[in-house]
Amino acid sequence: MSLTSSTVRTTFLPFARPDLDERELDAVREVLESGWLTTGSKASQFEARFAEAVGAKHAIAVSSCTAAMHLALEAIGLRAGDEVITTPYTFAATAEVIRYFDAKPVFVDIDAATLNIDPRAIAAAITERTRAIIPVHIGGLAADLNEIHSAISGRDIVMIEDAAHAFPATYRGRPIGSLSDFTCFSFYATKSITTGEGGMICTASDAHAERCRMMSLHGLSKSAWNRYTSSGSWQYDVIAPGFKYNMTDIAAAIGLVQLEKAEAMQQRREVVASSYDAAFSAIDALECPRRARNDVHAWHLYTLRLHLDRLAIARDQFIEELRRRNIGTSVHFIPLHLHRYYEETYGFRPDDFPVALCEYQREISLPIYSRMSAEEVDSVISAVTEIELINRA
Ligand SMILES: Cc1ncc(COP(=O)(O)O)c(C=O)c1O
């Protein structure tokens, strides 16, 4: 079908775009001119301000959320053969960090309404080998942490939140970052605040914080990071074979500016989400993402879902039609049990997690970011509504 010129954008609207301006450029320039590029005072400042923003006792800046989750599992002493409960409806990172230890990811299906782990299904997945649970706040909608806590209560199971999508988000009025043993954030390029690549571990435990910090920098003794400063010492001791997961001051300087802008950026995404909701909620074949009643939704993703039985085309064709109209989209997520590694390692079949499978097959993530103009939002709305209208079953 040829497209009418009124409905087609002349330029491609990317699925994601970071919100960076002169302030980040100035902050990076300042670090470059200072001569101190790696972990230093900017990283410390970023940690302090982030901890304050989420109400965490400790925040440790690292190179990614993947690193953050790896360090959290290392800090609890995860061992080969242990089990960690998580959701298949997530990115590779959430489960690969479990495999780093030769431990077993135990997938629990999701709740179709939220796309988050289904708390009612957790109890059946617990065994005497379960050491931890990693819920994921998909798209920035907090998982039901109270229900998850109830499901694991009385057991020695550590909660590590994968909050890659969830800054700034709240759960029952409290910020994500202050509610579990560990909360791990991502500052990847597409995330709600970015440092290019980066992550943060939040924890209330002094011992866990110290272990994560040490292991994030080769397992070197405390304060080794400042061994090249006037106040530092050339001496250090290797306490354990750690990792190279520290955050640079270049990244942290960007993070400090992004943190200042975080609330305004979230508010803008909230407006985009509300515009989408207003346009799509009355359309039969479309299902808008669940909102966070009385809570802040980070709106990292806008997870639109299609009622495929009311459409003459499948999800992939819907995406193709959006692409033809110059709208970038994505799909969150291809459930992990469908991927070759997990299928071959654990013998999973697609319908082992039927809710994850079904939701994946009908999900489309629409562009949602603070730099979207009103015209760009309108162009997405026009394209989606037009494709739905033309392709009604
Ligand atoms: C749910 C989830 N967890 C973890 C990660 C990993 O984050 P990072 O790229 O900072 O390691 C991602 C990245 O997209 C993610 O979507």
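Note that the structure is predicted; figures quoted are calculated from it, not measured. (Residues numbered from 1 in each chain as written. Predicted model: local features only at pLDDT ≥ 70, side-chain atom pairs only at ≥ 80, totals over all residues. Heavy atoms only, no water.)

S.K.: When you look at the side chain of Thr170 in this model, what are you seeing that I'm missing?
M.R.: Tracing the sequence through the fold places Thr170 in strand β6 (residues 170-171). By relative accessible area, Thr170 is classed as buried at 15%. Within polar-contact distance, the side chain of Thr170 engages the side chain of Asp295 at 2.4 Å. Polar contacts involving the side chain of Thr170 include one to the main-chain amide nitrogen of Val296, which spans 2.8 Å. Beyond its immediate chain neighbours, meaning those up to four positions away, Thr170 contacts Ala142, Pro175, Ile176, Asp295 and Val296. (Helix = DSSP H or I, 4+ residues; strand = E, 2+ residues; numbered from the N terminus. Buried < 20%, exposed > 50% of the residue type's maximum accessible area, 1.4 Å probe, protein only. Polar contact = N/O pair within 3.5 Å; in protein donor to acceptor, adjacent residues only side chain to side chain. Contact = heavy atoms within 4.5 Å.)

S.K.: Can you walk me through the side chain of Gln266 in this structure?
M.R.: Along the chain, Gln266 falls in helix α7 (residues 249-280). Look past the residues within four positions of Gln266 in its chain and what remains in contact with it is Pro168, Val296, His297, Ala298 and Trp299.

S.K.: Please clarify how the domain arrangement of the protein should be interpreted in this entry.
M.R.: Quite often, the size of an interface is put as the accessible area lost when its parts meet. For the protein, the domain assignment lists domain 1 (22-258) and domain 2 (262-390). Taken over C-alpha atoms, the centre of domain 1 sits 26 Å from the centre of domain 2. With 39 residues of domain 1 at the interface, the matching set in domain 2 holds 33 residues. When the two sides are added together, the surface that domain 1 and domain 2 hide from each other amounts to roughly 2,900 Å², 63% of it contributed by carbon and sulfur. (Domains from an automatic or database assignment. Buried area = accessible area lost by both parts, 1.4 Å probe.)

S.K.: I tried to follow helix α2 (residues 41-54) on my own but got confused; where do I start?
M.R.: With 14 residues, α2 extends 20 Å from end C-alpha to end C-alpha; this agrees with the ideal 20 Å at 1.5 Å per step. For α2, the set of buried residues is Lys42, Ala43, Phe46, Glu47, Phe50, Ala51 and Val54. For α2, the arc enclosing every buried residue in end-on projection is 165 degrees, short of the 170-degree limit, so these residues lie on one face. Just downstream of α2 lies Gly55, where phi reads positive at about 70 degrees. (Expected span 1.5 Å × (residues − 1). Arc of directions from axis to C-beta.)

S.K.: Got a minute to help me understand the nonpolar core in this structure?
M.R.: Nonpolar side chains in soluble globular proteins tend to end up buried together. Ranked by internal contacts, the top residues of the largest apolar core, which has 44 residues, are Phe46, Phe50, Ile122, Ile176 and Phe185. Secondary structure elements with two or more residues in this core: α2, β1 (58-62), α5 (145-152), β5 (158-163), β9 (199-203) and α7. Per-element accounting of this core gives the leading share, six residues, to α7. Apart from the residues within four sequence positions on either side, Phe50 is in contact with Phe167, Phe185, Phe187, Ile193, Met200, Cys202 and Leu259. Counting 32 residues, the second largest nonpolar core, distinct from the first, contains Ile60, Ala93, Ile134 and Val158. (Core = buried A, V, L, I, M, F, W, Y, C linked by side-chain atoms within 4.5 Å.)

S.K.: Help me understand the sheet that holds β5 in this model?
M.R.: Where strands meet in a sheet, backbone hydrogen bonds hold them as pairs that are either parallel or antiparallel. Spatially, the seven strands line up as an open sheet ordered β1-β9-β8-β5-β4-β2-β3, and their pairing is mixed. The sheet terminates laterally at β1 and β3 (104-107), the two strands that pair on one side only. Across the sheet, the mean angle separating the axes of adjacent strands is 25 degrees when strand polarity is ignored. Sheet topology places β1 next to β9; five bridges connect them, and they run antiparallel. Each bridged residue has a counterpart across the sheet, and for Ile60 the counterpart in β9 is Ile201. Sheet strands in contact with helix α4 (residues 92-99) are β2 (83-86), β3, β4 (130-134) and β5, and its direction is about 140 degrees off that of β3. (Pairing = 2+ DSSP bridges. Axes fitted to C-alpha atoms, helices over the stretch in contact; angles between N-to-C directions.)

S.K.: What's the story with the packing of α2 against α7 in this structure? I'm lost.
M.R.: How two helices sit against one another is set out by the angle between their axes and by the gap between those axes. Contact geometry of α2 with α7 gives a least axis separation of 8 Å together with a crossing angle of 30 degrees. If you check the angle between α2 and α7, you find them roughly parallel. The interaxial crossing formed by α2 with α7 has left-handed handedness. Between α2 and α7, the residues in contact are Ser41, Lys42, Ala43, Gln45, Phe46, Arg49, Phe50 and Ala53 and Asp249, Ala252, Ala253, Gly255, Leu256, Leu259 and Glu260, respectively. Partitioning the contact of α2 with α7 into residue classes produces eight nonpolar, three polar and four charged. (Parallel < 35°, antiparallel > 145°, perpendicular 65-115°, else oblique. Left-handed = near helix turned anticlockwise from the far one by under 90°. Nonpolar A, V, L, I, M, F, W, Y, C, P; charged D, E, K, R; others polar.)

S.K.: Just to check I follow, could you spell out the pattern of salt bridges for this structure?
M.R.: Pairing between side chains of opposite charge can happen when their charged atoms approach one another. Going through the model one piece at a time under the given rule, you end up with 26 salt bridges. Ionic pairing is found between Asp206 and Lys57, a salt bridge with its closest N-O pair at 2.7 Å. Taken together, the positions of Asp206 in helix α6 (residues 206-215) and Lys57 in the loop between α2 and β1 put the pair 149 residues apart, joining distant regions of the chain. Given a relative accessible area of 53%, Lys57 falls into the exposed group. (Salt bridge = Lys/Arg side-chain N within 4 Å of Asp/Glu carboxyl O.)

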